[in-house]
Amino acid sequence: MEAQTVIEFKPSDADMTMVVRKALENVKDSDIKLVFEKGTYKFLPDYAMDKYCFITNHGNGFKKIVFRFENFNAVEIEGNGSEFIFHGQVAPFQFENCKNISVKNLSIDWDIPFSFQGEVMAINEKEGWRDIKPSTEGFSWTLNNGKLNFPNIDDFHFFELGSTLSFDKNTKAVAHGAWDLNSNPRWVEKMPNGILRFHEPLKKYPAVGTILHSKGPHEQNRYAPAFQTINSSNANFNNVVVHHALGMGFLFERTSDINILNSGVYLKEGTDRVVSTIADATHFANCKGAILIENCRFENMLDDGTNVHGTYVEVDAILDEYTLRIALKHFEQMGFEFASVGDEIWYIENPSPKRAGENEVVKVKYINDKYSELTFKSKIPASLTKGDILENKTWNPEFTMRGNTIRNHRARNIIIKTPKKIVIEYNELSSMMSSILFRGETFFWYESGAVEDVLIRNNNFNYVAYSGSEHAVMYVTPRLNQSFDQTELFDKNIRFENNTIRTFDSRIIIADRVDGLKISGNTIIQDKTQGKALYPDAPIFDFINCNNVEVLNNTYQGDSENSILKDEKSSKTIKIKGNKGFKNLK
């Protein structure tokens, strides 16, 4: 169906924010198409609309929004290869209560990145200082009374370096063996030749010659994603690239049926920057339908390539036989809509972490950004008590990730927490931490939940788990608070098949509390040219409290003496057969 309203834009050296705002405010139709003639468009925050926003996994508050779409039946944006350059604290795109979203053929960047970076020129561990030569391409900072403030944009700056990480100068990947640092120097001293000396004792010092990057304090450095989609359906992004964002690249909340195709989050060619987005490339919170990420490239983010999860809430009080009060628990989830009328909810009752009974929501009463009241169709079980956990059954997606490249970034390539079908295939994967992580957690992040149908096949894992802390290529590890049984099976039915793993260290798979894990037909090659082994004595396979594990027809080339570690529970049902090249794999 053709859009009822078509708005055309031409490139200009002037700020386009008010031009876009006025055009959208005048739209009367429910179907809209924005067409941008190929060129560069500049967007400043001065005339952006402001709105108090709840943005999951970001900081809530008043945001300056440039493109705001609400209650449209169809939204189409054709960029024709245009480049959108943003300035200052702005949220570029928000879609809320929209259907049939299509964004194509554009890129997003910032003129001044919201970070600080520089090359490590010298360190002195005894005296507790490091010398940094600041990068100049677009970066903005000031030094006042021994304190470094950045970015120096529109009267906004961070007062601390905060989250800090080192990168390889040549590859722009996270440096081998790097550790996450929380930096707050006692003072910063200006030295000759433009060098800054940071006086701060560190437990782990970056190597001379690496690029050290800081993004500000943890609770302040996620302003907004480049694209936020809320309570919407049929969202499609094709040939859309995010070079920088003040949070995540693509964030979806309670949205159904999503395609991200031929798109990416990565650095602009030729840049001196080492970081693209401040947080995840893509993130999906309580979505449903089918999600497909295909032929995309995610690089140099400061968090995961993708994270797909639901949200656990805690039972705060049982109000009557049909009604209870729930609480959101993480500070970056405040205001998140956990459930609506018609949603089916799972009960998770201590001490078992398993999904137990279920019930349908018939009424939701909003109390405030932390608390809501849910009224159910059937009586609440008498066994449910304060402190138990709820999970939304309705809002879980099927997920497919195919033909993508994810590398050179902090954290994990893929985090998955949905019980519906998951397929991860034909991807090129390289990660600082574990490449694939399964971690339902009933505390801290409160991200649900257990997986039940996973197929990981025909992927190339190349240079994985090179952070200073210990990880594995695939890591299955529920994170449950102490009121839950720490030995009960959690995730199930994971198949890891016909993958090629080439990495420098020993650990390949850690699996904790998995019922049904098949590892078959994989080729594992230890490649010492990638860097020094960080944990050479760790086992290749490590199974903890597992059931029905199969290790079949895998091949190994390397010198690890420790092929497998399995506890008593895992040993009872494990099947090991047809493997080649391993030492003591039995």
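Up top you'll find the structure we're talking about.
Scoring rules and cut-offs
Residues take numbers from 1 onward in each chain, read along the sequence in its written order. Thresholds applied to this predicted model are a pLDDT of at least 70 for local features of residues and 80 or more for the giving and counting of side-chain atom pairs; totals over whole chains, interfaces and linings are not thresholded and use all residues. Hydrogen atoms and water are omitted, and side-chain values are computed over all heavy atoms in the structure. Comment: elements are numbered from the N terminus, with helices defined as DSSP H or I runs of at least four residues and strands as E runs of at least two. The globule rule used here is 2.2 Å times the number of residues to the 0.38 power, and the radius of gyration it is set against is calculated over C-alpha atoms. Only protein chains enter the area calculation, which uses a 1.4 Å probe; residues under 20% of their type maximum are buried, those over 50% are exposed, and those in between are partly exposed. Any pair of residues with heavy atoms lying within 4.5 Å of one another is described as a contacting pair. Surface accessibility in these figures is a Shrake-Rupley result with a 1.4 Å probe; residues are shielded only by whichever protein chains are displayed. Positive charges come from Lys and Arg alone, negative charges from Asp and Glu alone, with His and the N- and C-terminal ends not counted. Taken as the charge location is NZ of Lys, CZ of Arg, CG of Asp or CD of Glu. Patches in this entry comprise residues that are over 30% relatively accessible and not in a salt bridge; like charges within 9 Å are linked, as are nonpolar side chains (Val, Leu, Ile, Met, Phe, Trp, Tyr) within 5 Å. Throughout this description, the term salt bridge denotes a Lys or Arg side-chain nitrogen within 4 Å of a carboxyl oxygen of Asp or Glu. Pairing of aromatic rings covers Phe, Tyr and Trp, the last counted by its six-membered ring, and requires centre-to-centre distances within 6.5 Å; plane angles under 30 degrees mean stacked, over 60 mean edge-to-face, and any other angle means tilted. By definition here, charges over rings are those cases where NZ of Lys or CZ of Arg is within 6 Å of the ring centre and within 35 degrees of the ring normal. Pairing between two strands is assigned when DSSP locates at least 2 bridges connecting them. What we call a nonpolar core is a set of buried Ala, Val, Leu, Ile, Met, Phe, Trp, Tyr and Cys residues that are connected through their side-chain atoms within 4.5 Å. Each axis is a line fitted through C-alpha atoms, taken for helices only over the stretch in contact, and angles between the N-to-C directions span 0 to 180 degrees. This arc is built from the directions going out from the helix axis to the C-beta atoms. Two kinds of site are reported from a 1 Å grid over the protein atoms alone, namely cavities, where a 1.4 Å probe fits but cannot get out, and pockets, open sets with protein on both sides within 12 Å along at least five of seven lines, and residues are called lining when an atom falls within 4 Å of a point. Grid points are joined across faces, edges and corners, and a volume is the space filled by probe spheres set on the points. Put simply, Ala, Val, Leu, Ile, Met, Phe, Trp, Tyr, Cys and Pro go in the nonpolar bin, Asp, Glu, Lys and Arg in the charged bin, and everything else, Gly too, in the polar bin. By disulfide we mean two sulfur atoms from cysteines, separated by a distance within 2.5 Å.

What is the right way to look at the overall build of the chain in this model?
When helices and strands are counted, the chain shows 2 helices and 53 strands. For the chain, whose C-alpha radius of gyration is 24 Å, the value lies close to the compact-globule estimate of 25 Å for 586 residues. Principal-axis analysis of the C-alpha atoms gives the chain an extent of 70 × 65 × 45 Å. Expressed as a percentage of its 586 residues, the buried residues of the chain come to 59%. Once local pairs closer than 6 in sequence are excluded, the contacts in the chain between residues at least 24 apart make up 72%. When the accessible area of the chain is evaluated, it comes to approximately 22,800 Å², of which 46% is carbon and sulfur surface. Where the 68 positive side-chain charges of the chain centre and where its 77 negative ones centre are 3 Å apart.

Hey, could you run me through a nonpolar patch on the surface in this one?
On the surface, a nonpolar cluster with roughly 450 Å² of combined accessible area is contributed by Y52, F54, F62 and Y366. Positionally, Y52 belongs in strand β4 (residues 49–53).

Explain the packing of aromatic side chains here, please?
Each aromatic ring pair is summarised here by two numbers: the centre-to-centre distance and the angle between the ring planes. Evaluation of the coordinates by the stated rule reveals 40 aromatic pairs. Taking the centre distance of 5.1 Å and the plane angle of 80° together, the rings of F156 and F158 count as edge-to-face. Across from the ring centre of Y223, 4.3 Å away, lies the NZ or CZ of K63, which sits over that ring. Its end group placed over the ring of Y266, R297 keeps NZ or CZ at 3.8 Å from the ring centre.

Where do I start with the pairing of strand β34 (residues 397–402) in this structure?
Side-chain positions along a regular strand alternate between the two faces of the sheet. The pairing of strand β25 (residues 288–294) with β34 spans 6 bridges and is parallel. Among the inter-strand pairings, I293 is bridged to a residue of β34, identified as M401. Direction of pairing for β34 relative to strand β37 (residues 422–425): parallel, over a ladder of 4 bridges. Paired with T400 across the two strands is V423, which belongs to β37.

Can you walk me through the nonpolar core in this structure?
As a rule of thumb, nonpolar side chains are buried together in soluble globular proteins. Residues F69, F227, F541 and F543 are the most contacted members of the largest nonpolar core, which totals 104 residues. Take this core: its biggest share by element is 5 residues, from strand β8 (residues 99–110). Grouped together as the second largest cluster of nonpolar side chains are 18 residues, A285, F336, F338 and I380 included.

Sorry if this is basic, but what is going on with the sheet that holds strand β15 (residues 181–183) here?
Strand pairing in a sheet relies on backbone hydrogen bonds. The paired strands run either parallel or antiparallel. Taken in spatial order, the 7 strands line up as β15-β14-β18-β9-β10-β17-β16 in an open sheet, and their pairing is antiparallel. Looking at which strands have only one partner, the edges of the open sheet turn out to be β15 and β16 (187–190). Ignoring which end each strand starts from, the neighbouring axes of this sheet average 40° apart. Across 4 bridges, strand β14 (residues 162–167) lies against strand β18 (residues 211–214) in antiparallel orientation. Note that in β18 the partner of F167 across the bridge is I211.

How should I be thinking about helix α1 (residues 17–25) in this particular structure?
Along an α-helix, a turn takes 3.6 residues, which lines up residues three or four apart on a common side. Restricting attention to buried positions, one finds in α1 the residues T17, V20, A23 and L24. Buried residues along α1 cover an arc of 140° about the axis, so they all sit on one side. Residues of α1 that are buried sit in contact with β1 (5–9), β2 (31–36), β3 (40–43) and β5 (61–70).

Help me understand the layout of surface pockets in this model?
Here the idea is plain: a probe the size of a water molecule rolls over the atoms and shows the empty space left. Considering only enclosed or pocket space, the largest pocket measures out at about 690 Å³ in volume. Together, 30 residues line the largest pocket, and H218, D303, R410, R412 and W445 are the ones closest to its centre. Looking at the lining of the largest pocket, the elements that each hand over two or more residues are β14 and β15. Of the residues belonging to the lining of the largest pocket, the class tally is 7 nonpolar, 10 polar and 13 charged.

Before we go on, may I ask you to explain unusual backbone geometry in this structure?
Peptide bonds are, in most cases, trans, and in most cases residues other than glycine have a negative phi. The linkage connecting F150 with the following residue, P151, adopts the cis geometry, with an omega of -25°. Mapped onto the elements, P151 comes out in strand β12 (residues 147–153). Of note, the bond from S448 into G449 is cis; its omega dihedral lies within 30 degrees of zero at -5°. Relative to the helices and strands, G449 resides in the loop between β40 (447–448) and β41 (454–457).

What should I look at first to understand the environment of S378 in this one?
The residue S378 is located in the loop between β32 (371–376) and β33 (389–392) in this model. Looking at S378, the relative accessible area reads 39%, which means it is partly exposed. S378 sits 56 residues away from Y322 along the chain, and the two C-alpha atoms are 6.6 Å apart. Those residues in contact with S378 that lie beyond four places of it in its chain are Y322 and N359.

I tried to follow the sheet that holds strand β13 (residues 156–158) on my own but got confused; where do I start?
If you walk across this open sheet you meet the 3 strands as β11-β12-β13, and the pairing is antiparallel. Each of the sheet's edge strands pairs with one partner strand only, and the pair in question is β11 (142–144) and β13. Adjacent strand axes in the sheet meet at a mean angle of 35°, parallel and antiparallel pairs treated alike. Bridge analysis of β11 against β12 gives 3 bridges, and the strand direction is antiparallel. When the sheet's bridge partners are listed, L143 is paired in β12 with L148.

How should I be thinking about the state of the cysteines in this particular structure?
Every disulfide links exactly two cysteines, by a covalent bond between their sulfur atoms. Taken as a whole and assessed by the stated rule, the structure comprises 0 disulfides. Take C98: it sits in no disulfide, and the sulfur closest to it among the cysteines is that of C53, at 14 Å. Looking at C287, it has no disulfide partner, and the nearest cysteine sulfur is the one in C98, 15 Å off.

What should I look at first to understand a positive patch on the surface in this one?
Taken together, the side chains of K354, K492, K569 and K572 make up a positively charged region of the molecular surface. Take K354: it is sitting in the loop between β30 (344–348) and β31 (358–366). Taking relative accessible area as the criterion, K354 reaches 44% and is therefore assigned partly exposed.

Just to check I follow, could you spell out the pairing of β3 for this structure?
Only one face of β3 is buried, namely the one carrying Y41 and F43, since none of T40 and K42 on the opposite face is buried. Pairing of β3 with strand β6 (residues 74–86) involves 4 bridges; the strand directions are parallel. Paired with K42 across the two strands is I85, which belongs to β6.

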